[in-house]
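# Descriptive analysis of the structure
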Amino acid sequence: MVSYSSLTDHSAISQAFDEFDKLGRELFLIRYGFKEVNESFVIARSGRYDTRALFAAAYEYQTGDALSARQISGFAAAATQFTALGYVVVGANDQKDRQRFTSFDACLSHVRIPVENLPAIREFLARGIYAEYYVPASGAYIGLKPRSGKPPHFVAAGYIAHREEDGRARGFDLPYKPALPRFAPSKPIRPAASSSPSTRVKSNKPSTPQQRAAAAAERPVAYCDTCFLALPATGVCPNCDD
């Protein structure tokens, strides 16, 4: 069983974001064996990231252990952990239930954007003309629809993002990045029983998240002979084998 709460390394999650942006959504989902289902998304950087696939990628970067789509049967637990780590997670109907406004300033009371970033945001907005401003049900960002009919722009607490007509993600970080909350463990952690020097065995297994991620990166990737998906550590294709 997957321990969702074990994903705690923000650098591993950042690596998963980087891979998603580099491959694009379709190839990223294929790489980790997930189908294109609009159910739950993490809002960050260039837009929306599929929650389950992003969790699988980040988990592998942190631990070196690959997860199949079958091991992450639902998105709720993964979404809960991303939320606990300070990320914004929304459902498929997030934009459907959005509120519309007549100006950018009217949206500010519904989205928490640091005042330090407002000058850079206004400078960006001055370059375009927008027909509609909206805030989704999650309050994660402000959406702006250009009058030209091009894809909308997204303004969040720490970034501005949009997509080109060909679907490529574009965006940039704002000067001030809100700090992510730190969470203490809910239960005290008991120290492991000490071993005497004569009985202690030194392990060659990578001990830190960085070492485990490096080991995972060096590990050769095997692919399914039938559908060409990257195989998890079990060697069993989640797409072809029952």
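Look up: the structure comes first, before these words.
All of the points below concern the structure found in this document. (Residues numbered from 1 in each chain as written. Predicted model: local features only at pLDDT ≥ 70, side-chain atom pairs only at ≥ 80, totals over all residues. Heavy atoms only, no water.)

## Description of the overall build of the protein chain
Scanning the protein chain from terminus to terminus reveals 7 helices and 9 strands. The buried share of the protein chain, taken over its 242 residues, is 39%. Entry remark: accessible area of the protein chain is about 14500 Å², with carbon and sulfur atoms responsible for 53%. (Helix = DSSP H or I, 4+ residues; strand = E, 2+ residues; numbered from the N terminus. Buried < 20%, exposed > 50% of the residue type's maximum accessible area, 1.4 Å probe, protein only. Areas by Shrake-Rupley, 256 points an atom, 1.4 Å probe, with all protein chains shown as cover.)

## Quick notes on the side chain of H153
In this fold, H153 is placed in strand β7 (residues 153–155). Here the side chain of H153 touches Y130 through a polar contact of 2.9 Å, side chain to side chain. Beyond its immediate sequence surroundings of up to four residues, H153 is in contact with F124, Y130, I142, G143, L144, P146, A161 and H162. (Polar contact = N/O pair within 3.5 Å; in protein donor to acceptor, adjacent residues only side chain to side chain. Contact = heavy atoms within 4.5 Å.)

## Notes on helix α4 (residues 76–84)
Along α4, the residues classified as buried are A78, A79, Q81 and F82. Take α4 and look down its axis: the buried residues cluster within an arc of 160 degrees, on one side only. Summarising the contacts, the buried residues of α4 are in contact with α1 (10–23), β1 (40–44), α3 (51–63) and β3 (88–91). (Arc of directions from axis to C-beta.)

## Some remarks on the nonpolar core
Formed by 28 residues in total, the largest nonpolar core has its most connected members in I13, F17, F34, F55 and F82. It is α3 that contributes the most residues to this core, 7 residues altogether. Once residues lying within four places of it in the same chain are set aside, the contact partners of F34 are L29, R52, A53, A56, S68, A69 and I72. C107, V111, L125 and L174 belong to the second-largest nonpolar core, a separate cluster that totals 17 residues. (Core = buried A, V, L, I, M, F, W, Y, C linked by side-chain atoms within 4.5 Å.)

## Re the packing of α3 against α4
A pair of packed helices can be characterised by two numbers: the angle between their axes and the separation between those axes. At a minimum axis separation of 9 Å, α3 and α4 run at an interaxial angle of 70 degrees. Comparing their axes, α4 and α3 come out roughly perpendicular. As for the relative orientation of α3 and α4, their crossing is left-handed in sense. Along the contact surface, α3 presents T51, L54 and F55, while α4 presents A78, A79 and F82. Its residues placed into classes, the contact of α3 with α4 shows 5 nonpolar, 1 polar and no charged. (Axes fitted to C-alpha atoms, helices over the stretch in contact; angles between N-to-C directions. Parallel < 35°, antiparallel > 145°, perpendicular 65-115°, else oblique. Left-handed = near helix turned anticlockwise from the far one by under 90°. Nonpolar A, V, L, I, M, F, W, Y, C, P; charged D, E, K, R; others polar.)

## Topic: the environment of G128
Here G128 lies in the loop between α6 (118–125) and β5 (130–135). What makes G128 partly exposed here is its relative accessible area of 30%. Sequence-wise, G128 and R147 are 19 residues apart; in three dimensions their C-alpha atoms are separated by 8.6 Å.

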